[in-house]
Amino acid sequence: MQLIRRISRSHLFRNAVFVGAVYATSECLQQKTYGEKRDIAKVRRMAIWGLVFNGPGNYGWYKVLDRMVPGHCVKTALKKVLVEKVTISPVWVCSFYVVLSMLEGQPDIFSEAKEKVVPTYLVGLSFWLPAQALNFVFVPRVYRVAYVGVAGFVWANILCYMKRQRLNETSVEPKVAECQQAPPNTLVT
């Protein structure tokens, strides 16, 4: 019982559970948005990604980043964002596709990553650079965790969206031709 109490107080454990829940919830929301039948296996894979890989990995990464770029001023915060975006972000985006392909039992675990890493990374840059700049410049420190939590939920939904795109169709621009052919009040996937 004491071990369970110690684990539940652990920042690593709480962060991992939170991130796992964010990814699972994002996948549920995407399934609902696209009118898909509930796919618990997909939800489980996203939860595993957040709980086992992304949550603990980011927890460790931010400890390393704080040692690499110490300080809390705006200039330092912007340095941290840039260091993160050119070092660990490409690794996380690639890992996202490779790990999920492994969990799906895909025969070529790198196939999807080869097609989607660059577009997803570019979307990530366009999302996280301004999101983190706003965070570090305007959001008071006491609200930053909540802000990043909301931004992380938005990002997890973007990743779920990118994941469900077929290979060679990872453009985030609207599919105008398909939308014009679709009956009213239907979602185009």
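Described in the following lines is the structure provided in the data block.

Conventions used here
Residues numbered from 1 in each chain as written. Predicted model: local features only at pLDDT ≥ 70, side-chain atom pairs only at ≥ 80, totals over all residues. Heavy atoms only, no water. 1 Å grid on protein atoms, 1.4 Å probe; cavity = no way out; pocket = protein on both sides within 12 Å on 5 of 7 lines; lining within 4 Å. Points joined across faces, edges and corners; volume = space filled by probe spheres on them. Helix = DSSP H or I, 4+ residues; strand = E, 2+ residues; numbered from the N terminus. Nonpolar A, V, L, I, M, F, W, Y, C, P; charged D, E, K, R; others polar. Salt bridge = Lys/Arg side-chain N within 4 Å of Asp/Glu carboxyl O. Buried < 20%, exposed > 50% of the residue type's maximum accessible area, 1.4 Å probe, protein only. Phe/Tyr/Trp six-rings, centres within 6.5 Å; stacked < 30°, edge-to-face > 60°. Core = buried A, V, L, I, M, F, W, Y, C linked by side-chain atoms within 4.5 Å. Patch = residues over 30% accessible without salt bridge, like charges linked within 9 Å, V, L, I, M, F, W, Y side chains within 5 Å. Areas by Shrake-Rupley, 256 points an atom, 1.4 Å probe, with all protein chains shown as cover. Polar contact = N/O pair within 3.5 Å; in protein donor to acceptor, adjacent residues only side chain to side chain. Contact = heavy atoms within 4.5 Å. Axes fitted to C-alpha atoms, helices over the stretch in contact; angles between N-to-C directions. Parallel < 35°, antiparallel > 145°, perpendicular 65-115°, else oblique. Left-handed = near helix turned anticlockwise from the far one by under 90°.

**Let's talk about the layout of surface pockets**
Thinking step 1. Taken as a whole, the largest pocket encloses approximately 1400 Å³ of empty space.
Thinking step 2. Residue lining of the largest pocket: 41 residues in total, with Asn 58, Tyr 62, Glu 84, Gln 132 and Val 148 positioned closest to the centre.
Thinking step 3. Of all the secondary-structure elements, those providing two or more residues to the lining of the largest pocket are α2 (11-33), α3 (40-68), α4 (74-86), α5 (88-104), α6 (111-138) and α7 (144-164).
Thinking step 4. If you tally residues by element for the lining of the largest pocket, the top one is α3, at nine residues.
Thinking step 5. Taken together, the residues that form the lining of the largest pocket break down as 22 nonpolar, twelve polar and seven charged.

**Some words on the pattern of salt bridges**
Thinking step 1. Per the counting criterion, the structure on display carries seven salt bridges.
Thinking step 2. With a shortest N-O distance of 3.0 Å, Glu 104 and Lys 163 are connected by a salt bridge. On the criterion of sequence distance, the pair formed by Glu 104 in helix α5 and Lys 163 in helix α7 is long-range, its members being 59 residues apart.
Thinking step 3. The partly exposed category is assigned to Glu 104, whose relative accessible area is 27%.
Thinking step 4. Owing to a relative accessible area of 14%, Lys 163 belongs among the buried residues under this scheme.
Thinking step 5. Measuring nitrogen to oxygen at the nearest pair gives 2.6 Å for the salt bridge that ties Glu 112 to Lys 116. Placement of the pair is Glu 112 and Lys 116 together in helix α6, with a separation of four residues, close to one helical turn.
Thinking step 6. Classification of Glu 112 by relative accessible area gives buried; the value is 12%.
Thinking step 7. One salt-bridge network, held together by shared partners, links Glu 104, Glu 112, Lys 116 and Lys 163.

**Re the packing of aromatic side chains**
Thinking step 1. Across all of its chains, the model carries seven aromatic pairs by this definition.
Thinking step 2. Look at Tyr 34 and Tyr 161: their rings are 6.4 Å apart centre to centre, the planes differ by 25 degrees, and that puts the pair in the stacked class. With Tyr 34 in the loop between α2 and α3 and Tyr 161 in helix α7, this residue pair connects regions lying 127 residues apart in the sequence.
Thinking step 3. Overall, Tyr 34 belongs to the buried group, its relative accessible area being 18%.
Thinking step 4. Ring geometry for Trp 49 against Trp 92: centres 5.7 Å apart, planes inclined by 80 degrees, an arrangement best described as edge-to-face.

**Description of the nonpolar core**
Thinking step 1. In this structure, Tyr 23, Met 46, Trp 49, Phe 96, Tyr 97, Trp 128 and Trp 155 are the most contacted members of the largest nonpolar core, which totals 28 residues.
Thinking step 2. Going through the elements one at a time, α2, α3, α5, α6 and α7 are the ones with two or more residues in this core.

**With respect to a nonpolar patch on the surface**
Thinking step 1. A surface patch of nonpolar side chains, amounting to about 390 Å² of accessible area, comprises Phe 13, Val 17, Leu 51, Val 52 and Phe 53.
Thinking step 2. Elements that contribute at least two residues to the nonpolar patch include exactly α2 and α3.
Thinking step 3. Mapped onto the secondary structure, Phe 13 falls in helix α2.

**Description of the side chain of Thr 120**
Thinking step 1. Mapped onto the elements of the fold, Thr 120 is located in helix α6.
Thinking step 2. At a separation of 2.7 Å, a polar atom in the side chain of Thr 120 contacts the main-chain carbonyl oxygen of Lys 116.
Thinking step 3. For Thr 120, the contacting residues outside a window of four places in its chain are Val 93, Tyr 97, Trp 155, Leu 159 and Met 162.

**Description of the packing of α4 against α6**
Thinking step 1. Interhelical geometry of α4 versus α6 gives an angle of 165 degrees and a closest axis separation of 10 Å. Comparing their axes, α6 and α4 come out roughly antiparallel. Classified by chirality, the crossing of α6 by α4 is right-handed. Of the residues in α6, those in contact with Val 74, Ala 77, Leu 78, Val 81, Leu 82, Lys 85 and Val 86 of α4 are Tyr 121, Leu 125, Trp 128, Leu 129, Gln 132, Ala 133, Phe 136 and Val 137.
Thinking step 2. Residue classes in the contact of α4 with α6 are distributed as 13 nonpolar, one polar and one charged.

**Thoughts on the side chain of Glu 27**
Thinking step 1. Relative to the helices and strands, Glu 27 resides in helix α2.
Thinking step 2. For Glu 27, a relative accessible area of 3% puts it in the buried group.
Thinking step 3. In contact with Glu 27, other than residues within four places in its own chain, are Lys 42, Val 43, Met 46, Cys 160 and Arg 164.

By themselves, these are just geometric observations and shouldn't be taken as functional.
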